[in-house]
Structures are given as C-alpha cells and as structure tokens.
Amino acid sequence: MGKDTVSPSKRKPQTRPERRLAVGADQTEVDVVVIGGGVNGTGVARDATMRGLRVALFERNDLAFGASGNNSGMIHGGLRYIRNDPEVTETSCRDSGHIQRIAPHLLFRIPFIVPVERERKIWLRLIDAGLEAYDKFQPLKRGKPHTLLDPYEVRQLEPGLAGDLVGALTFDEWGIDGPRLCTANAVDAEERGAKIRVGCTVEQIERDEKTGAVRAVRYRDRRTDQAGRITTRAVVNASGAWAPITASLGALPAQRARVRPGKGIHIVYDRRLCNYAIMARAASTPPATSGCRSSRTSSTIAVTSTTSSRRPKRSGTW
Ligand SMILES: Cc1cc2nc3c(=O)[nH]c(=O)nc-3n(C[C@H](O)[C@H](O)[C@H](O)COP(=O)(O)OP(=O)(O)OC[C@H]3O[C@@H](n4cnc5c(N)ncnc54)[C@H](O)[C@@H]3O)c2cc1C
C-alpha cells in the first residue's frame, strides 16, 4: 500500500448473526423478515440470503418507493466528516468502493465544482487543504484527486456562474441509480431463495410476552386484501422514515426506532442548468449549503438541492 492510500482502520470483531439464528431454525418458516424495500431493506435481504439465511421481505408499495427512490443518488464519500471524524470518511469511501464492485453498471461520476468569491478568498486555501486530506481516501473509491482552478478555467467549465470569482476547487464523487440498485438487490436475493413481497403491508409483529422474542409477522396484500402470517426468528425494521410506526407494530415504544428529521429539498428542472455539480451558498440563507447538480441519468434535466446543516434544538425528538 502506497503512502498516499489510507491504512485500514482496526475493525471490531463482528458477531455472526447467521450462527445465532441457526439455532432452532427448523421451527420457523423463515429466519428473517425484512420490513421495507428501500436500499437498506433490499441490501439486508440480499446479504442475509448470501449468508444462507431464509428471508422474506415485505414492501408496502413498490421497491424504492421511499427515500431510496427519491434522493440525489449521490454515494457520499464522507467529505463533510473529514475534520471531526475521518474514520467515517474512510468507511464511506470504502463502501463506495464496494458498491462499485457490486454494481458498476449503475454508477455515474459526479464531478463537483466549489466556486469561491473574491470576498471569501481565504476559503480557497482552506478548502484546498481539506480536499488534499480527502485525496488520500479517493483511491478507495477510484476517485480522482482534487484540482484548483483559476477564474478563467472556472468560466470555461461553467460559463453561467455569476459573481467575482477568485477561483474554484473540484472534487470527485459517484452517483448511483437508486431504484435500480434496490431492484437488483431484490432480484439477486430472490434468485438465492428470498421471498420478496411487494405491495404487502406488515400490520403486526408478534412477540413472546415473556421474553419479548419475535415469533411472527402479520401482513396484508394490498391488491387482494388477503391477510397472512409468517413465522420468523428475527425482524429487521428497514422502513426508513416509518421506522417508529413499524416499531409500534411490535408493541415497542416509538423511541426504540428514533428518526431525526433533516431538511432536504430538490427542485427538478426540465433542462440542464449547468455542466457539473456546483456547491455554493444559497443567496439568502448563509448557514445552508446548496448544490446544483447536473443530470444523473439523462442530459435533459437538472436538479438543485439544499441540505440544512442545522440540527433540531432538542435532541431525541422526531
Ligand atoms: C431529498 C433527499 C435527498 C437525499 N440524497 C441522498 C444522497 O444523495 N445520497 C445518499 O446516500 N442519501 C441520500 N438521502 C438519504 C437516503 O435516501 C436514505 O438514507 C435512504 O434511502 C434510506 O433508505 P431506507 O431503505 O432506510 O428507507 P426507504 O427508502 O424510505 O424505504 C423504506 C420503505 O419501507 C416501506 N414501509 C414502511 N412501512 C412499511 C410496512 N409497515 N410494511 C411494509 N413496508 C413498509 C416504505 O414503503 C418504503 O419503501 C437523501 C434523502 C432525501 C430525502
């Protein structure tokens, strides 16, 4: 390993869930019920079947109906954690590398430009230093090192950028087609023996009154209105924003699956606004960042998005 690459962090010893679930497995129809057909649910289902577990996945709507089918499609490299938690940056880049090996046909490159105005000149050097640190992680995800652009070069790449620019920086990220990733996960899981039930709502999680252990899941097919029950040894709550509601289906307090709301807005245009992903301050809201992203899967749309960096005042609310 060269000196510019990142050494693997020490990993904690992992318990093997498939071994724990193997005990008494013949008494239930499946080992694991996964609730939710987003990227987490389908990924867990695929992973569990690859470990030899018997899996059933229930999705109330369609695969990728929730956040997984409605996001920016960016595979975060964890740049924002580089200062305070570089291990997260490393894990994110490593994960991006895994996704590239698993689904290279679903990837697309997202080159970012960070323009810097003359009045904020100091940021050119500061961001440059941050991205230099980020470059060390790029080999984990086949990313290109960052570059420093002068004002002329920025205008060449993005003629529409306004303001008195002192220069810009570039860095490299990857994007993925989320709905196709969910579908590919589910298809692969099914081919390995998983039962994938789309259009099926989980209505109740039965648990042993004394031990609290999961016994079965009750569900309803939304097309036929037919109810069903499947016995299982474990349930994975992969229902995203609905996780607290899903927890209550097993008589667990909603706090057991807390979700912290984060503000994110997408505006989709019917044409391209820019050639690259642009990271810039929103005009009238200094604490927020906004990115203008070029099209992901087609060259005829553009998406602008904002992500709030503010957190809720009271922690633990959702
Ligand atoms: C605007 C926006 C932009 C984002 N951009 C990015 C990005 O660029 N990169 C990134 O990595 N992340 C991004 N995210 C975050 C990312 O989309 C989510 O973290 C991720 O999709 C969560 O996946 P999930 O599988 O946990 O949940 P979801 O995809 O929401 O899936 C949950 C599923 O559970 C199902 N469900 C709920 N209750 C039941 C039930 N009782 N029975 C059966 N099914 C049920 C729902 O129908 C849903 O399909 C973004 C999010 C948003 C909102």
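Per chain, residue numbering runs from 1 following the sequence as it is written. Reporting in this predicted model follows two pLDDT cut-offs: at least 70 for local features of residues, and 80 or more for side-chain atom pairs to be given and counted; totals over whole chains, interfaces and linings ignore these cut-offs and use all residues.

## Description of the overall build of the protein chain
Rule in force here: Helical segments are the DSSP runs of H or I of at least four residues, strand segments are the runs of E of at least two, and each set is numbered from the N terminus. The burial criterion counts other C-beta atoms lying within 10 Å of a residue's C-beta, which is placed from the backbone; the residue is buried at 20 or more, exposed at 12 or fewer, and partly exposed between these limits. The contact criterion used here is simple: two residues whose C-beta atoms, placed from the backbone, lie within 7 Å are in contact.
Along its length, the protein chain carries seven helices and 14 strands. Of all 318 residues assigned to the protein chain, the portion counted as buried reaches 30%. Excluding contacts between residues fewer than 6 apart, the proportion of contacts in the protein chain whose partners are at least 24 apart in sequence is 63%.

## Here's the deal with the pairing of strand β10 (residues 227–237)
To keep it simple, the criterion reads: By definition, two strands form a pair when at least two bridges between them are found by DSSP.
Pairing analysis gives five bridges linking strand β1 (residues 30–35) to β10, with the strands arranged parallel. In the strand pairing of β10, Val32 is matched with Ala234. Looking at chain direction, strand β9 (residues 214–221) and β10 are connected through five bridges and run antiparallel. Counterpart to Arg218 in the pairing with β10 is Arg229. Two successive antiparallel strands, β9 and β10, enclose a turn made up of five residues, where Asp225 displays a positive phi of approximately 65 degrees.

## Section: the site of the ligand
Spelled out, the test is: As a rule, any residue with its backbone-derived C-beta atom within 6 Å of a molecule or strand is reported as near that molecule or strand. The nonpolar class holds Ala, Val, Leu, Ile, Met, Phe, Trp, Tyr, Cys and Pro. Asp, Glu, Lys and Arg form the charged class, and all remaining residues, Gly among them, are polar.
If you check the shell around the ligand, you find 30 residues, and the closest are Gly36, Gly38, Gly66, Ser68 and Gly240. Elements supplying a minimum of two residues to the shell around the ligand: α2 (39–50), β2 (55–59), β8 (200–207) and β11 (264–269). No other element matches α2, which puts three residues into the shell around the ligand. Taken together, the residues that form the shell around the ligand break down as ten nonpolar, 18 polar and two charged.

## Notes on the sheet that holds β1
For clarity, the threshold we go by: Between N-to-C directions, angles span 0 to 180 degrees; the directions come from axes that are lines fitted to C-alpha atoms, helices contributing only their stretch in contact.
Here six strands make up an open sheet; going across it, the order is β7-β2-β1-β10-β9-β8 and the pairing mixed. Across the chains shown, the open sheet's two edge strands, defined by having one partner strand only, are β7 (195–198) and β8. Sheet twist, expressed as the average angle between the axes of neighbouring strands with direction ignored, equals 40 degrees. Sheet strands in contact with α2 are β1, β2 and β10, and its direction is about 170 degrees off that of β2.

## Section: helix α3 (residues 86–102)
Test applied: Take the residue count of a helix, subtract one, and multiply by 1.5 Å to get its expected span.
Taking 1.5 Å as the rise per residue, α3 with 17 residues should run 24 Å; its terminal C-alpha atoms sit 24 Å apart, in good agreement. For α3, the secondary structure elements touched by its buried residues are β3 (74–75) and β6 (165–176).

## Brief notes about the nonpolar core
Rule in force here: For this analysis, nonpolar core means a set of buried Ala, Val, Leu, Ile, Met, Phe, Trp, Tyr and Cys residues linked through C-beta atoms within 7 Å. Residue ranges labeled as domains rest on an automatic or database domain assignment.
In terms of nonpolar packing, the biggest core is built from 52 residues, with Val33, Val34, Ala45, Val55, Leu57 and Phe58 touching the most fellow members. Mapped onto the domain boundaries, this core takes at least three residues apiece from domain 1 (19–69 + 179–257) and domain 2 (107–175 + 262–307). Not counting chain neighbours up to four residues away, the residues in contact with Val55 comprise Val30, Asp31, Val32, Val34, Ala45, Ala48, Thr49, Ala189 and Ala194.

## Quick notes on α2
The end-to-end C-alpha distance of α2 is 16 Å, a good match for the 16 Å that twelve residues give at a rise of 1.5 Å each. Burial within α2 is extensive, with ten of its twelve residues counted as buried. When α2 is considered as a whole, its buried residues turn out to be Val39, Asn40, Gly41, Thr42, Gly43, Val44, Ala45, Arg46, Ala48 and Thr49. Among the structural elements, β1, β2, α6 (178–191) and β10 are those in contact with the buried residues of α2. Phi for Gly52, located one or two positions after α2, is positive at around 90 degrees.

## A word on the environment of His146
With respect to the element layout, His146 can be found in the loop between α4 (122–135) and β5 (147–149). The exposure class assigned to His146 is partly exposed, which follows from the 19 C-beta atoms found within 10 Å. Along the sequence, His146 and Ile113 sit 33 residues apart, while their C-alpha atoms lie 9.7 Å from each other. If we ignore the near neighbours within four places in the chain, the residues touching His146 are Leu131, Tyr134, Asp135, Leu169, Thr170 and Phe171.

## Focus on the packing of α2 against α6
What counts here: Any angle that falls under 35 degrees is termed roughly parallel, while one over 145 is termed roughly antiparallel, one within 65 to 115 roughly perpendicular, and all others oblique. Whether a crossing is left-handed or right-handed is set by the direction in which the near helix is turned from the far one by less than a right angle, anticlockwise for left-handed and clockwise for right-handed.
Running from N to C, α2 and α6 point in directions that differ by 25 degrees, and their axes come no closer than 8 Å. One finds that α2 runs roughly parallel with respect to α6. In this structure, α2 crosses over α6, and the sense of that crossing is left-handed. For the pair formed by α2 and α6, the contact residues are Val39, Thr42, Gly43, Ala45, Arg46 and Thr49 on the first element and Gly178, Leu181, Cys182, Asn185, Ala186, Asp188 and Ala189 on the second.

## Observations concerning the confidence of the model for the protein chain
The following threshold applies: On a scale of 0 to 100, pLDDT captures the predictor's confidence in every residue.
Looking at the protein chain as a whole, its pLDDT mean stands at 85, while 81% of the residues score no less than 70. Note that pLDDT drops below 50 for residues 285–292; the model gives that stretch 26 contacts with residues more than four away or on any other chain. Segment residues 294–298: pLDDT under 50, and 14 contacts once partners within four positions in sequence are set aside and those in other chains are kept.

## Considering the environment of Ile35
Looking at the secondary structure, you find Ile35 in strand β1. The buried category is assigned to Ile35, around which 26 C-beta atoms lie within 10 Å. In the structure, Ile35 is positioned 203 residues away from Ala238 in sequence and 5.4 Å away in space, judged by C-alpha atoms. With near-sequence residues (within four places) excluded, Ile35 lies in contact with Gly41, Phe58, Val202, Val235, Val236, Asn237, Ala238, Ser239 and Thr246.

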